[in-house]
Amino acid sequence: MPISPEDVEKVALLARLSIVQSELSEVTERFGRVLELVNELNTIDTSGVAPMSNPHDMVQRLRPDVVVGDNEREALMASAPAQNQGYFLVPKVID
Amino acid sequence: MGDSAPLNASVSDLHQLLKDRAISSEELTSAFLKRIDQFNGQLNAVVTVCSEQAIADARRADERLSRGDAHVLTGIPLLHKDIFCTLGVRTTCGSRMLENFIPAYDATVVAKLKAAGMVMLGKCNMDEFAMGSSNETSFFGAVKNPWDPNCVPGGSSGGSAAALAAGMAPLVTGTDTGGSIRQPASLCGVTGLKPTYGRVSRLGIIAFASSLDQAGPMARSAADCAHMLTAMAGLDAGDSTSADRAVPDFFSELTGDVDGLRIGIPREYFNDDLNPEVREHVMSALTQLEKAGAQLVDIELPHSHYAIATYYVLAPAEASANLARYDGVRFGYRCDNPSDLEDLYLRSRSEGFGEEVQRRILVGTYALSAGFYDAYFNKAQQVRRVISEDFRKAFQSVDIIAGPSAPGVAFPFGAKQQDPVAMYMEDIYTLAVNLAGLPGLSTPAGLINGMPVGLQLIGKAFDESTILNAAHRLQLDTDWHQARPALEDSLA
Amino acid sequence: MTWETVMGLEVHLQLATQSKIFSGSSTQFGAPPNAQADAVDLGMPGMLPVLNEEAVRFAVKFGLGIGARIGERSIFDRKNYFYPDLPKGYQISQFFSPIVCEGIFEVPMGDGSLLPIRITRAHLEEDAGKSVHDIFTQESGIDLNRAGTPLLEIVTEPDFRSADEAVAYLKALHSLVTYLGISDGNMAEGSMRCDINISLRKKGSDALGTRTEIKNVNSFRFVERAIHSEVERQADILDSGGTITQETRLYDAERDETRSMRSKEVANDYRYFPEPDLLPIDIDQDYIDAVRASLPELPAAKRARFHNDYQLSEYDAALLVPDHALAAFFEEVAKLSGAAKPAANWILGDLAGALNRAELTIEESPISAEGLAGLIMRIEDGTLSSKLAKQVFDGLWQAQGTADEIIAARGLKQVSDSGQLEQMVDDVIAANPDQVAQYLAADEPKRKKLSGFFVGQIMKASQGQANPKLLNELLINKLNNQS
């Protein structure tokens, strides 16, 4: 088995996904299938090869430091699931 | 308007008809809306229909046409894949997570086509968050292939391809991260183009894998794709990965001349794994091009077989981060009565995302996690460069590269669900093109037992013209691209 | 057991750009919640970052200001974690290749020495938003105005050995960044936030002990106190044979102690990877040279110049330099008055005192550089005695005009005319024959003392306006010639 159910649960927590216990073994098995596929990468020697993030040799363009746009709060917060007095709301967080 | 000819007319012909006022945009739009109404119940290709808005836009286009102030696309209707944010119009990305999401902005592509005067009929169904090759992962239900309603249309732009093949619109937009325009185009018998990475702006397109995603046109001909691409392409300062390249009039570059065109035939694509019937059709298409003066050249892309492993590390990894913003806080699905913050996250995401999306997020998170980054993510980025190098070397001796778009024709629903990898293999010929950031298109190459098969053409970076022109040549010499499903029969 | 404190500091500096690092939203403080958060800041679907050129320039300025190597090709990375004030679920930061690489920052210490602190790196990143927990009963409110503000994170090697050194560093950093004009470096307002990594080890040992991180300390005083209380806490544990838990802590000012941060208990795997929506930042030598040429005179150079050109003591120079507005004020006064040392004295003495009491900054000073220079010039040219100078200073503070106008209005002009002074001396000698006799009968040392009586009388008669030096000369002369 390329991965254990416990490890799958750890990964799920990192990704904030919860896996129903009754489905864990199937999820693990299918996850494992994908890992088997990608483990193929172990068979190629890439020493000295620079990793490629973007396919072309472009460099970052810079934007002038100018304020653009105005208060868009109303339009953007129209999609908010919970809001009050201009704040997005989440269950109380204790630090 | 009893004549169905305008529904099948090319962009150039439609433009002429509209300019001559032989038909109005409103009439055209109504006709397509009627077609959607007629067939969408069964095909489920369109998720949101914008009848009122479309008519209003059509009337505005008619005014513009009357003024003589029209672009070649003015007044022509289209459907957008539901991955393009559309101001004021629900954009779901095929997911429960965005079931009721109404963007406050247009994607750049949407704005550009709007500015050209196109009329948006609605939003097309798709695999959830663009993850899939059969349009079976959509929260809004599967899309049926108009050629055979028991079969998938391909994915993730399955709704777009099906709608186009069913004549619900003359032009549709799609996105392609690993084959999501080309493979459904192949399975539905239409022409679809994935431009060079950076050719078209990604701003406002819901991100799946940022370094692989690209938006492109799907149409019934290479010529129509060329018109659309010209209007879609161009530098966007709001997208840092958008390339500063002049946009030619792709349509006017279609000379149809392929004399001396060197077409690379990679032996890795034409090995024993290739379905013999697919091989036959693809070779038949290539023979056509040879007759027209092209030269077939044997080439090698030695690391082709690593493309799928590379893609299934990089795409899920980028996606795992791109989808982290869906947390039930500022927009999108939120679970009922979250007890605390962690509950909010866990339930909103687990309830909002479907199985395939969750699987890819897990794979991607794993590939980036401590202890695995070097072996998976970094390694995959290295192999990406190796694969790109293969193409670069090959293009030293050829102008374009050809092969099948997909391993077979459209398959029945559920046929590839038992093993996620079986589905992933659908994109075996298309994935490498996204890894290398090159342009690729699929053009129809006939039917196998009544089901479409596609020829894929891959070009050099920013050389969409050459592959469009080759497809155009093929479409001048054959009529495969004109085949249409007899919907009244297939959907009876 | 003698423990040595070993610390490294991570400072998050808000860069004073007009717009955010990746979007065009304003960075201005004080807007209503979410009024300065656009679709990019909110991480809305399909949104993409575009890099602010000023943030890059500010980062390079900083790097050059500390003599660090500038990364010619730096990249952005995603730092992935879930928190409501982090809209995208990742922070765009720099992990693998920062824009500023290693350098050495020389920190001026109280005793005049320079403490070299090794800067490991400085990198650009975006700030998160803010959560408020005290407005709503059942919920926390999220305000994303701050999300996307450009930050420069400055990381040091564990080179600090005491709270003094840490505070000196922070003060010098504040001074440098205000000179560079890249940040207002205000800890209280949150534009300069300090995290302290702190561990103890046996004196003489080379190995590093287990460290804790104290996050977000927001004043020099709290930095000092936090370090002291954490050192004490760790020493107590180690002395009793325990081990330090590696964790993140917060400084509680009310209780004067550090406490563990509950929400950071779950170990975070940030899964850094290169940000695919952004491309590498290319910085060539021409750009670096242009930024270097635009740098203002930095604190170290200014200290040296004040010492050499104005003959100020290193001590005075060290006091005048850190606040560049104060330094500029001093230079103007020095140039206008031609008297650098008096200028320094007045600024560091009376003016500083008055500003402190009124809680004003030098920029808000009611006395302008011209005003103060005017006062100093009148002392230097003998028009005003130093005793009466304070009155004029008060007049200037109350905006009663220039020094000359105040001197004239209050009749404070020092009497230096020898004729007038002679008359005053004659008058006092004539009016006090007994004291004159006493003086003449006394020996040298006693005479010095007795002359004070006459000086006092003359000062009283002249309302303090007699030029003391001239007066003394004339007085002694005349007294000695009495017989």
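Structure: see above.
Residues numbered from 1 in each chain as written. Chains lettered and ligands numbered in written order. Predicted model: local features only at pLDDT ≥ 70, side-chain atom pairs only at ≥ 80, totals over all residues. Heavy atoms only, no water.

Asks: Mind showing me how you'd approach the overall build of chain A here?
Replies: Scanning chain A from terminus to terminus reveals three helices and three strands. Written out in order from the N terminus, the α and β elements of chain A read α-α-β-α-β-β. For 95 residues, the compact-globule estimate of 2.2 N^0.38 gives 12 Å, and the C-alpha radius of gyration of chain A, at 23 Å, exceeds that figure by more than 25%. In terms of overall dimensions, chain A has a C-alpha envelope of 55 × 45 × 25 Å along the principal axes. Each of the 95 residues in chain A was classed as buried or not, and the buried ones make up 43%. A separation threshold of at least 6 residues defines the contact pool for chain A, and within that pool the share at least 24 residues apart is 33%. (Helix = DSSP H or I, 4+ residues; strand = E, 2+ residues; numbered from the N terminus. Rg over C-alpha atoms; globule rule 2.2 N^0.38 Å. Buried < 20%, exposed > 50% of the residue type's maximum accessible area, 1.4 Å probe, protein only. Contact = heavy atoms within 4.5 Å.)

Asks: Help me understand the overall build of chain B in this model?
Replies: In terms of regular secondary structure, chain B is built from 17 helices and eleven strands. At 21 Å, chain B has a C-alpha radius of gyration in line with the 23 Å of a compact globule built from 492 residues. For chain B, with 492 residues in total, the buried portion stands at 68%. A fraction of 75% describes how many contacts in chain B between residues 6 or more apart in sequence connect residues 24 or more apart. In the form shown here, chain B has an accessible surface area of approximately 14600 Å², with 47% of it arising from carbon and sulfur atoms. (Areas by Shrake-Rupley, 256 points an atom, 1.4 Å probe, with all protein chains shown as cover.)

Asks: Looking at this structure, how should I read the interface of chain A and chain B?
Replies: Often, the extent of an interface is quoted as the loss of accessible area on bringing the components together. The partner chain B presents 70 residues to the 47 residues of chain A that form the contact. When the two sides are added together, the surface that chain A and chain B hide from each other amounts to roughly 5000 Å², 65% of it contributed by carbon and sulfur. The largest per-residue losses of area from chain A upon contact with chain B belong to A:Arg30, A:Leu41 and A:Met52, which jointly make up 14% of the total buried on that side. Put simply, chain A and chain B have three salt bridges between them. Residue A:Arg30 is joined to B:Glu355 by a salt bridge in which the shortest nitrogen-to-oxygen separation is 3.2 Å. Taken together, the links from chain A to chain B amount to 24 residue pairs in polar contact (both at pLDDT 80 or more). Listed by contribution, the elements that provide at least two residues to the side of chain A that touches chain B are α1 (5-14), α2 (24-38), α3 (73-77) and β3 (87-91) of chain A. Considering each element in turn, the side of chain A that touches chain B owes the most residues, eight residues, to α2(A). The residue makeup of the side of chain A that touches chain B, split by class, is 32 nonpolar, nine polar and six charged. (Buried area = accessible area lost by both parts, 1.4 Å probe. Salt bridge = Lys/Arg side-chain N within 4 Å of Asp/Glu carboxyl O. Polar contact = N/O pair within 3.5 Å; in protein donor to acceptor, adjacent residues only side chain to side chain. Nonpolar A, V, L, I, M, F, W, Y, C, P; charged D, E, K, R; others polar.)

Asks: Before we go on, may I ask you to explain the pairing of strand β2 (residues 77-81) of chain B in this structure?
Replies: One face of the sheet, then the other: side chains in a regular strand alternate in exactly this way. Residue and element names in this part refer to chain B. When you tally the buried positions in β2, you get five out of five residues, the bulk of the element. With respect to chirality, the unit in which β2 leads through helix α5 (residues 108-115) into the neighbouring parallel strand β3 (residues 119-124) is right-handed. Where β2 lies against strand β4 (residues 171-176), two bridges are found, and the strand directions are parallel. When the sheet's bridge partners are listed, Leu 78 is paired in β4 with Leu 171. (Right-handed = clockwise from strand over helix to strand, strands pointing away. Pairing = 2+ DSSP bridges.)

Asks: In this structure, what is going on with the interface of chain B and chain C? I would like to understand it.
Replies: The partner chain C presents 30 residues to the 37 residues of chain B that form the contact. Taking both partners together, chain B and chain C bury about 2700 Å²; carbon and sulfur atoms supply 64% of that area. When residues of chain B are sorted by the area they lose upon contact with chain C, B:Ser240, B:Arg325 and B:Arg330 head the list and together hold 22% of the total. Counting across the interface, chain B meets chain C through one salt bridge. Residue B:Arg202 pairs with C:Asp277 through a salt bridge whose shortest N-O separation is 2.8 Å. Elements that contribute at least two residues to the side of chain B that touches chain C include exactly α10 (307-322), α11 (341-352), α12 (355-368) and α13 (373-394) of chain B. Here the side of chain B that touches chain C is composed, by residue class, of 20 nonpolar, ten polar and seven charged.

Asks: I tried to follow the sheet that holds β3(A) on my own but got confused; where do I start?
Replies: Either a parallel or an antiparallel arrangement is found when strands of a sheet pair, and the pairing is made through backbone hydrogen bonds. Read from one edge of the open sheet, four strands run β2(A)-β3(A)-β9(C)-β8(C), paired in antiparallel fashion. Here the strands that pair on one side only, and so sit at the sheet edges, are β2 (83-84) of chain A together with β8 (130-132) of chain C. Note that β8(C) and strand β9 (residues 139-143) of chain C share three bridges and pair antiparallel. Residue pairing across strands places C:Ser131 opposite C:Ile142, the latter belonging to β9(C).

Asks: Looking at this structure, how should I read the sheet that holds strand β1 (residues 46-49) of chain B?
Replies: All names here are of chain B. Taken in spatial order, the eleven strands of this open sheet run β1-β3-β2-β4-β6-β5-β10-β11-β9-β7-β8, and their pairing is mixed. Each edge of the sheet is formed by a strand with only one pairing partner; in this case those strands are β1 and β8 (295-299). Pairwise comparison of adjacent strand axes, ignoring direction, gives a mean angle of 30° for this sheet. Across two bridges, the pairing between strand β5 (residues 191-194) and strand β6 (residues 214-219) is antiparallel. Paired with Thr 191 across the strands is Ala 219, a residue of β6. In the packing of helix α3 (residues 25-43) onto the sheet, contacts are made with β1, β2 and β3, and the angle to β3 comes to roughly 20°. (Axes fitted to C-alpha atoms, helices over the stretch in contact; angles between N-to-C directions.)

Asks: Looking at this structure, how should I read the state of the cysteines?
Replies: What is meant by a disulfide is a covalent connection between two cysteines, made through their sulfur atoms. Residues and elements named next belong to chain B. Scanning the entire structure with this criterion turns up zero disulfides over all chains. Counting only cysteine sulfurs, Cys 50 is the nearest neighbor of Cys 124, a cysteine outside any disulfide, at a range of 11 Å. No disulfide involves Cys 151; its sulfur sits 10 Å from that of Cys 188, the nearest cysteine. (Disulfide = S-S within 2.5 Å.)

Asks: I tried to follow the pattern of salt bridges on my own but got confused; where do I start?
Replies: One side chain can pair with another of opposite charge once the charged atoms of both are near each other. All names here are of chain B. With the rule as written, the count across this model stands at 58 salt bridges over all chains. We note a salt bridge from Arg 199 to Glu 464, for which the minimum N-O separation is 3.1 Å. Taken together, the residues span a long stretch of sequence, with Arg 199 in the loop between β5 and β6 and Glu 464 in helix α16 (residues 464-477) at a distance of 265 residues. A single burial state applies to Arg 199 and to Glu 464, both of which are buried.

Asks: Sorry if this is basic, but what is going on with the nonpolar core here?
Replies: The tendency in soluble globular proteins is for nonpolar side chains to be buried as a group. By size, the foremost hydrophobic cluster in this structure holds 278 residues, and its most contacted members are B:Phe129, B:Phe391 and C:Tyr169. Residues within four places of B:Phe391 in sequence aside, it is in contact with B:Tyr269, B:Leu301, B:Ile401, B:Ala432, B:Ala436, B:Leu438 and B:Ile458. If you look at the next biggest cluster of nonpolar residues, it comprises 41 residues, including C:Leu351, C:Ile376, C:Ala389 and C:Ile406. (Core = buried A, V, L, I, M, F, W, Y, C linked by side-chain atoms within 4.5 Å.)

Asks: Sorry if this is basic, but what is going on with helix α11 (residues 403-410) of chain C here?
Replies: An α-helix turns once per 3.6 residues; consequently, residues spaced three or four apart project the same way. Residues and elements named next belong to chain C. Residues of α11 that are buried include every one of Ala 403, Ile 406 and Ile 407, and no others. The arc that holds the buried residues of α11, viewed along the axis, is 100°, so those residues lie on one side. Those residues of α11 that are exposed and angled more than 90 degrees off the buried face are Ala 408 and Ala 409. Downstream of α11 by one or two residues, Gly 411 has phi in the positive range, about 60°. (Arc of directions from axis to C-beta.)

Asks: How should I be thinking about the pairing of strand β5 (residues 90-93) of chain C in this particular structure?
Replies: Residue and element names in this part refer to chain C. Neither face of β5 is exposed, since Tyr 90 and Ile 92 on one face and Gln 91 and Ser 93 on the opposite face are all buried. For strand β4 (residues 77-80) and β5, the ladder comprises four bridges, and the chain directions are antiparallel. Looking at β5, one finds that Asp 77 is bridged to Ser 93.

Asks: Just to check I follow, could you spell out unusual backbone geometry for this structure?
Replies: All names here are of chain B. Residue Gly 155 is joined to Ser 156 through a cis peptide bond whose omega torsion reads 10°. Mapped onto the elements of the fold, Ser 156 is located in the loop between β3 and α6 (158-165). One non-glycine residue, Ala 130, adopts positive backbone phi at about 65°. If you trace the backbone, Ala 130 turns up in the loop between β3 and α6. Taking relative accessible area as the criterion, Ala 130 reaches 2% and is therefore assigned buried. Positive phi is not limited to glycine here, since Asn 449 has a value of about 50°. One can find Asn 449 in the loop between β10 (440-448) and β11 (451-459).

Asks: What is the right way to look at a negative patch on the surface in this model?
Replies: Residues and elements named next belong to chain C. Together, Glu 72, Asp 284, Asp 286 and Asp 289 line one region of the surface with negative charge. Tracing the backbone shows Asp 286 in helix α4 (residues 285-293). With relative accessibility at 60%, the residue Asp 286 sits in the exposed group. (Patch = residues over 30% accessible without salt bridge, like charges linked within 9 Å, V, L, I, M, F, W, Y side chains within 5 Å. Lys, Arg positive; Asp, Glu negative; His and termini not counted. Charge placed at Lys NZ, Arg CZ, Asp CG, Glu CD.)

Asks: What am I meant to see in the side chain of B:Thr177 here?
Replies: The residue B:Thr177 is located in the loop between β4 and α7 (182-188) in this model. A polar contact is formed between the side chain of B:Thr177 and the side chain of B:Asp213, at a distance of 2.5 Å.

Asks: Mind showing me how you'd approach the packing of aromatic side chains here?
Replies: We describe a pair of aromatic rings using the distance from one ring centre to the other and the angle between the two ring planes. Applying the stated criterion to the full structure yields 32 aromatic pairs over all chains. Ring geometry for B:Phe129 against B:Tyr326: centres 5.0 Å apart, planes inclined by 55°, an arrangement best described as tilted. Of the two residues, B:Phe129 sits in the loop between β3 and α6 while B:Tyr326 sits in the loop between α10 and α11, which places them 197 residues apart along the sequence. In terms of burial, B:Phe129 and B:Tyr326 fall into one category: buried. Linked through ring pairs, B:Tyr373, B:Phe377, C:Tyr81, C:Phe95, C:Phe96, C:Tyr270, C:Tyr272 and C:Phe273 together constitute an aromatic cluster. Seen from the ring of B:Phe411, B:Lys416 lies directly overhead, with NZ or CZ sitting 4.9 Å from the centre. The ring of C:Tyr270 is capped by C:Lys79, whose NZ or CZ atom sits 4.4 Å from the centre of that ring. (Phe/Tyr/Trp six-rings, centres within 6.5 Å; stacked < 30°, edge-to-face > 60°. Lys NZ or Arg CZ within 6 Å of the ring centre and 35° of its normal.)

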